[in-house]
Amino acid sequence: ILTQTLTLVVHFCLVFQDSAGQFFSSGHTNNWAVLVCTSRFWFNYRHVANTLSVYRSVKRLGIPDSHIVLMLADDMACNHRNPKPATVFSHKNMELNVYGDDVEVDYRGYEVTVENFLRVLTGRLPPSTPRSKRLLSDDRSNILIYLTGHGGNGFLKFQDSEEISNVELADAFEQMWQKRRYNELLFIIDTCQGASMYERFYSPNLMALASSQVGEDSLSHQPDLAIGVHLMDRYTFYLLEFLEDIHPASKTNMNDLFKVCPKSQCVSTPGHRTDLFLRDPGSVLITDFFGSVRKIEITMETINLTDPIKQMEENSGNDVQTENNTYVDQLPVSEIIHQKPKQRDWHPPDGFILGLWTLILLVFFKTYGVKHLKHVF
Amino acid sequence: MAVTEVERRRGKLAALSIAAMVILVGVPLWWKTTQTYRAWLPVAQINELAKLQLQLSADVEVVFARGTATPEQQKKVPVTQTQDEDHAVDEDTTLRYRHETRYRTATVMEEDALKQPTAAEADLSLHRLSESPCGSLVIYVIPESSSLLPENVNVYIGQRRTALLRIGAQMKVGKTLKQLLAHLEPRVKQILQVMSFSHNDITAALSDRVRFSPDNKESIADSMRAFKSSPGYEITFSLLNPDPKSHRLHWDIEGAVQTYIQPLLTKLSPVANFSLDSQILYYAMLGVNPRYDSSRSAYILNADSLAHVINPVEARLGSNAASSNPVLNFLLYVPDAHHSPLYIHDHKKREVQTNAFHSPRWGGIMVYNVNGFYQTGTNFPVDVNINMAKVMGVFLAQLRLLLGVQSTAPPSSFQVAPCGSSGLADWELDRLMWSRSVENVATATTTITSLAQLLDQIGNIVINDNIAQQVSSAVTSLQLAVAELEVGNLGFALQYSKEAILASEKAFFDPSLLHLLYFPDDQKFAIYIPLFLPMCVPILLSLLKIVSEVRQRRREKQAKKD
C-alpha cells in the first residue's frame with residue numbers, strides 16, 4: 001500500500017497545474033449533493049439501494065456528510081422482511097453492503113415529501129431546522145441532485161401518495177437560480193420516462209441526465225434470490241460501475257458519463273440535456289460534481305504580532321452573565337395540554353353532500369307531487 | 001293532467017329564483033372562499049429599485065504642508081472641487097463615484113506633527129490631532145526635501161485614514177494654483193484607488209446583480225475567495241494532534257484569541273457578528289502521505305497534494321449546529337514524530353515561509369513543526385508549548401484574505417504601513433464597508449425584485465401580512481441605504497443595508513411561501529365538474545325552457561297580431 005501511495009504522490013508531483021488555471025476551469029469552491037429515494041415498500045428495495053450506492057460513491061470521492069442531504073423514503077435495512085437485517089446490498093451474492101455504519105440519513109420515512117424536497121431546494125425551511133437538514137449552498141456551489149423512484153410522463157411519485165410535476169421542479173430550480181443558490185447543477189434521474197422531468201427546465205447552468213426517454217420504462221438489473229427482490233436498477237448499476245473508476249484526481253469528463261449504459265445494456269435509451277449549460281460538457285470534469293476537490297492557495301503573508309498574550313482576568317465567579325437563550329417554540333406545552341379543535345376554513349359542500357341533497361329533494365318531490373318537479377325539468 | 005297557469009308560473013319563478021341565487025350569491029361566495037390571501041406589496045417602489053442608481057461619495061482633504069505651495073497659491077486656498085465619474089455597469093445598474101476634494105494648508109500643530117523623524121510616528125501624532133470620520137481621507141502633501149519618506153517612496157499610507165504624498169521637484173515658484181491642482185490630481189487618484197473604493201471592487205461587489213466576466217484573472221480569484229456578505233460568521237480554531245503518544249501540546253487559545261483575534265473582530269463588528277470556538281482533535285491524520293526529501297532531511301507536502309488534505313479532515317471537524325452562518329475553519333496541524341519536520345512546497349518547489357495554505361470560502365491550515373523543541377533521546381510524551389503569536393500571525397493573515405480585506409497590490413512607489421495590533425487599518429475597514437454596503441444593497445434589491453416577480457407570476461401563493469411587512473421594511477431600508485451612500489455617511493449606509501438584507505432574506509425564505517399549488521387544467525376540470533355539474537344542469541335546462549316558452553309566446557302573439 002505504501003508503494004502505491006508513493007506512486008500516487010509522485011504522480012501528483014508530475015502533474016503541473018497553475019493555481020489560477022485551477023480556478024477558472026470550474027468556478028466553484030464547494031460541492032453539495034441532494035440524493036432522494038422517493039418510494040416506499042419492500043419491493044422498492046432497489047430504489048433505496050440505488051440512492052445509497054450513489055451516496056457511497058459521492059462520499060468516497062470527497063463530499064463530506066455535512067454537504068450531503070440524503071432522503072430515503074423507507075427503511076429497508078430494518079424492514080421486517082429483510083433476511084439480513086441492518087444491511088442493504090447493491091450487488092447480487094451480497095457482495096457490497098451499502099448501508100454500513102456511517103450512513104447519515106437526513107430525511108427518513110415520512111419526512112420525504114414533495115414539500116420537504118422543495119423546501120430543501122429553495123431554502124424555505126422553518127427556523128428550527130438543524131444544519132444537517134439544510135442545503136446551505138451559495139453562488140459558488142456545484143450541486144448534484146439524484147432522484148430515483150417511480151415516475152411517469154411529467155411527474156415523479158413520492159411515497160406512493162403524492163407526486164411532483166416537472167413544472168414544479170423547473171420552478172424550484174428557477175427560484176434557486178434567482179437567489180444564486182448554485183453555480184452549476186447536475187440533475188440525474190433514474191425512473192421510468194425520466195427524460196420528461198427535465199423537459200421543462202429553463203434556468204441557466206443546468207445539466208440533466210435521465211435513464212429513459214418518454215414512453216420507455218427503466219428496468220431493474222438483477223434479483224437476488226436470497227433477499228427476494230431486485231437489488232438495483234440498470235442505469236444506476238452501470239453508472240456506479242463507471243464511477244468506480246473515478247478517483248479524486250481523475251480527469252474524466254461529462255461526455256464519458258453520457259455514454260454510460262447504452263441501449264444494449266440498459267434496454268431503455270438514456271438521455272441528457274446540456275443546452276442550458278454554459279460550459280462545454282467536454283470540459284466539465286466528473287469530479288466537479290461527484291467529488292469535492294478543493295482549491296488551494298498558498299498563504300504568502302503573515303502578520304507580525306509582538307504583543308504578549310494578555311492574562312485572562314479571573315471573573316468566572318462574580319459576574320457570570322446569564323443570557324436568556326430562546327429558541328423557536330416548537331411544541332408549546334400549553335397547546336398540547338389544552339388542545340382545541342383546529343379552526344378550519346369554511347369550504348363549500350362536497351360533491352357527495354350535494355348529491356345527497358339532490359336525492360332527498362327528488363324523493364320529496366316524488367312523494368309530494370311530481371307536478372312541482374315538472375316545472376323544473 | 002292539465003297544468004294550471006298559476007302552477008306553471010310558480011314553477012318558472014322557482015327556477016328563476018334558484019338561478020338568481022346561484023349566480024348572485026353562489027358564484028361570489030365560491031370566488032371569495034377559493035381566493036388566496038395576498039397582502040398588499042409596494043410593487044411600484046420595488047420596480048423602481050430594480051433600476052439601481054448608486055452614488056458613492058467620499059470626502060478627501062488635501063493638506064499642503066510648508067514648502068509645497070507658494071504664498072500666492074496659498075492665498076487662494078481653501079478650495080473645494082467635486083469630481084464625478086459615471087459608469088454604466090449594465091442596463092439596470094449605473095454607478096457614480098463622487099469625490100469632494102477640499103484643499104487647505106496645514107495648521108501649526110500639523111506642521112509640528114510632520115516634523116517627526118519617521119513616517120510612522122508622524123502618522124501617529126497626526127492621528128492624535130484629529131480623527132477623520134468613517135469613509136473620508138486626508139492626504140498630506142509634503143515637499144521633496146522632507147526626510148519622512150525614503151528615496152524611492154513617494155507615498156506613505158498610514159494605519160488610519162491619512163496618507164503622505166511627496167511632490168516632485170517640478171514645482172517651481174510662479175505656477176498657478178490650477179496647475180498645482182492639475183499636477184496633484186493623478187497622484188491623488190492613485191492614492192484613492194488604493195485607499196478608497198475602486199471600480200474593480202465595487203463591480204465585484206455587484207456580482208449578485210450583474211453576472212459579468214471580468215477581464216483580469218485576479219479579480220475572479222478574489223471574488224471566489226472571500227465569503228459573501230453575511231450577518232454573522234463562525235470561526236473555529238482546531239488543533240490537530242495525530243500523535244498524542246509523542247507530543248503533549250499546550251496552546252493558550254483563549255488568551256491568544258483575546259489578544260490577537262478579538263481586536264480585529266471588534267473592529268469589524270459594524271460589518272458582521274462573529275462567534276468563536278476552538279477544539280483539539282486527537283489522532284486526526286492528514287490523509288495525504290508526505291514525501292521524504294533526503295537533501296533537506298524533511299518531509300515535503302507538494303502544492304498539488306494539498307487539495308486532498310481538507311476532505312478527510314473536514315468530516316471530523318464538526319460545526320455549530322445552531323446557526324446557518326458560514327463557518328471559517330483554521331486548523332493547526334502538528335506532524336507526528338515520525339513525519340517531522342513537515343514542510344509545504346509551492347508549485348515552483350520552493351519552501352513556503354509561513355508553512356500554511358488556505359482554501360477559498362473554507363479556511364486555512366498551518367503546519368507547525370515541534371521537532372526543534374526537543375532532542376531525539378527524550379522520553380515521550382514531550383510537553384510542547386505552542387508559540388501562539390506566530391500561529392495567530394498566519395491565521396490573522398488568512399482571516400483577512402477570507403473576509404475580503406485584502407486589496408490589490410499598491411503601485412511600486414507606495415509604502416503601506418503594516419496594519420496595527422488590531423490587524424486592520426482604518427482605511428481597509430472603510431474599503432470593506434464600502435464593498436459590503438454595495439454588496440448588501442445589490443443582493444437585497446435582487447432578492448426583493450425576484451420575490452415580487454415570483455409572487456406576481458404564481459398567483460396561487462398566499463402572501464401573509466408578515467411577509468408584506470418585511471418587504472416594506474426592506475424597501476424602506478434600501479432607500480435609506482442608497483440615500484446615505486449618496487451623502488457619504490458610510491456607517492449609517494452599512495447599517496441600513498444590513499437591515500435591508502436581513503428583512504429581504506427573511507421575506508424571501510419565509511416557509512409559508514412554498515407553492516405546491518400548480519394545478520394542470522385537466523385536474524381543475526376533474527375537480528370542479530362533479531361538484532357543479534349536477535347542480536347547474538337542471539338550472540340551465542329550466543332557464544332554456546323558460547326562454548323557449550317566452551319566445552314561443554311572442555311568436556304566437558306575432559301570429560295573432562297578423
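Position numbers for residues start from 1 in each chain and track the written sequence from start to end. To label them, take the chains in the order written and letter them from A, then take the ligands in the order written and number them from 1. In view of the model being predicted, local features appear only for residues whose pLDDT reaches at least 70, and side-chain atom pairs are presented and counted only at 80 or more, with totals across whole chains, interfaces and linings using the full set of residues. Only hydrogens and water are set aside when side-chain values are computed; all heavy atoms of the structure are taken into account.

As annotated in an unreviewed UniProt entry, chain A carries the name GPI-anchor transamidase and is attributed to Gouania willdenowi. Regarding chain A, the relevant UniProt record gives this comment under Subunit (unreviewed entry): "Heteropentamer. Part of the GPI-anchor transamidase complex, consisting of PIGK, PIGT, PIGS, PIGU and GAA1. Interacts with GPAA1. Interacts with PIGT; this interaction, via a disulfide link, stabilizes the expression of GAA1 and PIGK and links them to PIGS." UniProt positions are given in the numbering used here, feature names are shortened, and annotations may be inferred rather than shown by experiment. Under the heading Pathway (unreviewed entry), UniProt records this for chain A: "Glycolipid biosynthesis; glycosylphosphatidylinositol-anchor biosynthesis."

Caption draft 1: Layout of the packing of aromatic side chains. Only centres within 6.5 Å qualify two rings of Phe, Tyr or Trp (six-membered ring in Trp) as a pair; their planes then separate them into stacked at under 30 degrees, edge-to-face at over 60, and tilted for everything else. Under the counting rule described, the total for this entry stands at 23 aromatic pairs over all chains. Ring centres of F173(A) and F187(A) lie 5.9 Å apart, and the angle between their planes is 75°; this geometry places the pair in the edge-to-face category. Placement of F173(A) in helix α5 (residues 166-178) and of F187(A) in strand β8 (residues 184-190) is noted, with a sequence separation of 14 residues between them. When the ring of F187(A) is compared with that of F201(A), the centres are 5.2 Å apart and the planes differ by 75°; the resulting orientation is edge-to-face. Of this pair, F187(A) sits in strand β8 while F201(A) is found in the loop between β8 and β9 (206-210), placing the two residues 14 residues apart along the sequence. We note that F187(A), like F201(A), is buried. Taken together, the aromatic side chains of W30(B), W31(B), Y528(B) and F532(B) make up a single cluster linked through ring pairs. Only when the NZ of Lys or the CZ of Arg is both within 6 Å of the ring centre and within 35 degrees of the ring normal is a charge said to sit over the ring. The ring of Y110(A) has R40(A) sitting right over it, with the charged end atom 3.9 Å from the ring centre. Note on conventions: DSSP H or I runs of at least 4 residues are helices, E runs of at least 2 residues are strands, and numbering of each starts at the N terminus. The cut-offs for exposure are 20% and 50% of the maximum accessible area for each residue type, with area from a 1.4 Å probe on protein chains only; residues under the lower value are buried, those over the upper are exposed, and the others partly exposed.

Caption draft 2: The pattern of salt bridges, seen in detail. Counted as salt bridges are all cases of a side-chain nitrogen of Lys or Arg within 4 Å of a carboxyl oxygen of Asp or Glu. Counted according to the given criterion, the structure contains 35 salt bridges over all chains. D112(B) is paired through a salt bridge with K115(B); the nearest N and O atoms lie 3.9 Å apart. Judged by relative accessible area, which is 45%, D112(B) ranks as partly exposed. A relative accessible area of 57% means that K115(B) is categorised as exposed. A salt bridge links E549(B) to K545(B); its shortest N-O distance comes to 3.9 Å. Taken as a pair, E549(B) and K545(B) lie in helix α16 (residues 521-561) at a separation of four residues, close to a single helical turn. Counted as one network, the salt bridges with shared partners bring together R56(A), K59(A), D65(A) and D102(A).

Caption draft 3: Geometry of the nonpolar core. Residues grouped as a nonpolar core are buried Ala, Val, Leu, Ile, Met, Phe, Trp, Tyr and Cys residues, joined through side-chain atoms within 4.5 Å. If you look at the biggest cluster of nonpolar residues, it comprises 94 residues, and the most contacted ones within it are F237(B), I261(B), L332(B), I386(B), M392(B), L399(B) and V471(B). At 13 residues, the largest contribution of residues to this core is made by helix α13 (residues 426-457) of chain B. If sequence neighbours within four positions are ignored, I261(B) has contacts with F237(B), A256(B), M392(B), L396(B) and L399(B). Listed in part, the 52 residues of the second largest apolar core include F89(A), F258(A), F277(A) and F290(A). It only takes one pair of heavy atoms within 4.5 Å for two residues to be counted as in contact.

Caption draft 4: How the structure looks around unusual backbone geometry. All names here are of chain B. Here the bond from S340 into P341 is cis, since omega is -15°, no more than 30 degrees from zero. Structurally, the position occupied by P341 is in the loop between β12 (327-333) and β13 (342-344). With a phi angle near 55°, R361 is a residue other than glycine that sits in the positive phi range. Assignment of secondary structure puts R361 in the loop between β14 (356-359) and β15 (363-367). Given the relative accessible area of 7%, R361 is considered buried.

Caption draft 5: Highlighting the pairing of strand β1 (residues 30-37) of chain A. All names here are of chain A. Summarising burial for β1: eight of the eight residues are buried, a large majority. Strand pairing is defined by DSSP finding a minimum of two bridges between the two strands. Bridge count between β1 and strand β4 (residues 141-148): eight bridges; the pairing is parallel. By the bridge assignment, V34 is partnered in β4 with I145. Bridging between β1 and strand β2 (residues 68-72) involves five bridges; their strand directions are parallel. Along β2, the bridge assignment pairs L35 with L70.

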